[in-house]
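Remarks on the overall topology
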Amino acid sequence: MNHDAESDESDSGLDPEEARTLAMKVLYDRLAERAHSRADLERALAKRRVPAEIAAAVLDRFEAAGFVDDAAFARSWVEGRQRGKGLASRALAMELRQKGVDDEIAREALAEIDPEAERQAAHRLVQAKLRTMRGLDDQVRTRRLVGMLARKGYPPGLAFEVVRSELGAEPEPLDSL
């Protein structure tokens, strides 16, 4: 037995075949739920103490078979999170980075976002939130609505523009807020 195999066993307590079987089970279980980035899956395997060399080999096989595809994952993630949560490009970029998606792949997925769709999503978010803000003065509503949009990754200029539009207010100088 070579030294690498011995270190695999001592690191995880599993022989290489058990580690491969465990890795495949973890991947099948995770991918049955939803798509994941390769980095997410690597973290899941590390958490289960699958040796890195075995994890990489199994992930390579899954990637070659098309089950692990960071570009497809990024496109799907961006579409779903923009539609479901109304997140803007900046917030989506941060989430993709946290998921371990390569910056270039993330940029390509984010480039597919239609700026007008992003603007409309901001309007929908503000309209929904306004329903819960009756009785508050415009300054408080503006501050809270702009803050909500900022947390969802919208740039300040767009956030103020959308909020003013939805409140039907005349544009005010930023100093007054």
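Look a little higher up for the structure.
All figures in this text were calculated on a predicted structure; none of them were measured in a lab.

Describing the layout of surface pockets
The calculated volume of the largest pocket comes to roughly 150 Å³. Taken together, R75, V78, E79, Q82, R83, A109, E112, I113, D114, A117, A121 and R124 form the lining of the largest pocket. Where the lining of the largest pocket is concerned, the elements lending two or more residues are α5 (70–85) and α8 (115–130). The greatest single-element share of the lining of the largest pocket, amounting to five residues, is contributed by α5. Of the residues that constitute the lining of the largest pocket, the class distribution is five nonpolar, one polar and six charged.

Quick look at the nonpolar core
The biggest cluster of nonpolar side chains holds 18 residues, and the ones touching the most others in it are V126, L145, M148, L149, Y154, V162 and V163. Counting residues per element, the ones that place at least two in this core are α8, α9 (138–151) and α10 (156–167). When residues in this core are grouped by element, the largest group, six residues, is from α10. Once you skip the residues sitting within four places of it in the chain, M148 turns out to touch L125, V126 and K129. Among the nonpolar cores identified, the runner-up in size contains 15 residues, and V26, L41, L45 and V50 belong to it.

A look at helix α6 (residues 89–98)
The complete set of buried residues in α6 reads A91, L92, A93, E95 and L96. Following α6 by one or two positions, G100 adopts a phi angle in the positive range, close to 85°.

Procedures and definitions
Residues numbered from 1 in each chain as written. Predicted model: local features only at pLDDT ≥ 70, side-chain atom pairs only at ≥ 80, totals over all residues. Heavy atoms only, no water. 1 Å grid on protein atoms, 1.4 Å probe; cavity = no way out; pocket = protein on both sides within 12 Å on 5 of 7 lines; lining within 4 Å. Points joined across faces, edges and corners; volume = space filled by probe spheres on them. Helix = DSSP H or I, 4+ residues; strand = E, 2+ residues; numbered from the N terminus. Nonpolar A, V, L, I, M, F, W, Y, C, P; charged D, E, K, R; others polar. Core = buried A, V, L, I, M, F, W, Y, C linked by side-chain atoms within 4.5 Å. Buried < 20%, exposed > 50% of the residue type's maximum accessible area, 1.4 Å probe, protein only. Contact = heavy atoms within 4.5 Å.

None of this, on its own, says anything about what the molecule does.
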